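# Tertiary structure, described
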Amino acid sequence: LSLKFGDVGNLKGLVIRFLLTTSYYQLSVQNWFSLHKLQLLYNHSIQATFNATRIYAPASYSYHCEHVSSLQRYDALLIPSSANDLSKLWEVTFTDFQIQGFNIQEGHFAYAKDCATFFSPAILMGLVMSLILLLVLAYALHMLIYLKSLDRHYEYKAASAYFAQMKDNDMGDEKEPLRSSGNESDELGNQQFYKIHI
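Residues numbered from 1 in each chain as written. Predicted model: local features only at pLDDT ≥ 70, side-chain atom pairs only at ≥ 80, totals over all residues. Heavy atoms only, no water.

Summarising the element assignment, Thr49 is placed in strand E4 (residues 45–52). Leaving out residues up to four positions away in the same chain, Thr49 has contacts with Lys37, Leu38, Gln39, Ile79, Pro80, Ser81, Asp85 and Ser87. (Helix = DSSP H or I, 4+ residues; strand = E, 2+ residues; numbered from the N terminus. Contact = heavy atoms within 4.5 Å.)

What follows is the structure, encoded as structure tokens:
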């Protein structure tokens, strides 16, 4: 698969060639394609060759990646094929890269297999927080169950409370202060007490 720039200024003689291979895998019971090499040609002369790593998808799918690059900051999916050639002098980066070499229908890409890993930092952080919340919930449930079992070990002890019976005629005099200590003992002596068990 060759990408030609046509009459674009100084890039007129530049061609990017993608060497794709297809293989059948019995485990997935389908054909897969992979990008084997990428070559940069200028005026029909090979200037650089990069080996492609981890760029593959089922043959009926396309492959998509936000960055396919030879730079380490983009995870370097393109590696110079040899230390002796001029590949190290080139820095190649494709942004919003999508490729499909086989089973193309009506000139449109098929469903894309994305290069993004399942465990992105946001997903990993969400999983860690969920695990912490589950541990807190499990601890709380354990403590509730433990508190429930404590009731079997202790007998219920009734506490006694005392309430004085008040007469209707004493309700009006309740707000008046007692005049002497003698009156206080007389009034307290006339009250009846009841014992209630709770």
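Before going further, it helps to examine the sheet that holds strand E9 (residues 112–114). Taken together, the three strands give an open sheet; going across it, the order is E8-E6-E9, and neighbouring strands pair in mixed fashion. In the strand order of this sheet, the two ends are held by strand E8 (93–99) and E9, each with one partner. Pairs of neighbouring strands in the sheet enclose a mean axial angle of 20 degrees, with direction left out of account. Across six bridges, the pairing between strand E6 (residues 62–69) and E8 is antiparallel. By the bridge assignment, Cys65 is partnered in E8 with Phe97. (Pairing = 2+ DSSP bridges. Axes fitted to C-alpha atoms, helices over the stretch in contact; angles between N-to-C directions.)

What follows is about the pattern of salt bridges. The final tally for this structure, using the stated rule, is one salt bridge. Its salt-bridge partner being Asp75, residue Arg54 comes within 2.8 Å of it at the nearest N-O pair. Taken together, the positions of Arg54 in the loop between E4 and strand E5 (56–58) and Asp75 in the loop between E6 and strand E7 (78–80) put the pair 21 residues apart, joining distant regions of the chain. In this structure Asp75 comes out as exposed when scored by relative accessible area, which is 51%. (Salt bridge = Lys/Arg side-chain N within 4 Å of Asp/Glu carboxyl O. Buried < 20%, exposed > 50% of the residue type's maximum accessible area, 1.4 Å probe, protein only.)

Position of Ser62 among the secondary structure elements: in strand E6. In terms of polar contacts, Ser62 uses its side chain to reach the side chain of Gln98, at 2.9 Å. Sequence-distant contacts of Ser62, defined by excluding residues within four places in its chain, comprise Phe33, Ala57, Gln98, Ile99, Gln100, Phe109, Ala110, Tyr111, Ala112 and Lys113. (Polar contact = N/O pair within 3.5 Å; in protein donor to acceptor, adjacent residues only side chain to side chain.)

Here we come to the state of the cysteines. Tallied over the full model, the rule gives one disulfide. Note that Cys65 is cross-linked by a disulfide to Cys115, the S-S spacing being 1.9 Å. Between Cys65 and Cys115 the disulfide shows an S-S torsion of about 75 degrees. By sign, it is right-handed. Taken together, the positions of Cys65 in strand E6 and Cys115 in the loop between E9 and helix H1 (121–150) put the pair 50 residues apart, joining distant regions of the chain. Cys65 sits in the buried class, given a relative accessible area of 4%. (Disulfide = S-S within 2.5 Å.)

A surface patch of nonpolar side chains, amounting to about 690 Å² of accessible area, comprises Ile123, Leu124, Met125, Leu127, Val128, Met129, Ile132 and Val136. Within the secondary structure, Leu127 is located in helix H1. (Patch = residues over 30% accessible without salt bridge, like charges linked within 9 Å, V, L, I, M, F, W, Y side chains within 5 Å. Areas by Shrake-Rupley, 256 points an atom, 1.4 Å probe, with all protein chains shown as cover.)

Grouped together as the largest cluster of nonpolar side chains are 20 residues, with contacts concentrated most on Phe18, Leu38, Ile55, Tyr63, Val68, Leu78 and Phe94. Only strand E2 (14–25), strand E3 (30–42), E4, E6 and E8 provide two or more residues apiece to this core. Of the residues forming this core, the biggest block, four residues, is contributed by E3. (Core = buried A, V, L, I, M, F, W, Y, C linked by side-chain atoms within 4.5 Å.)

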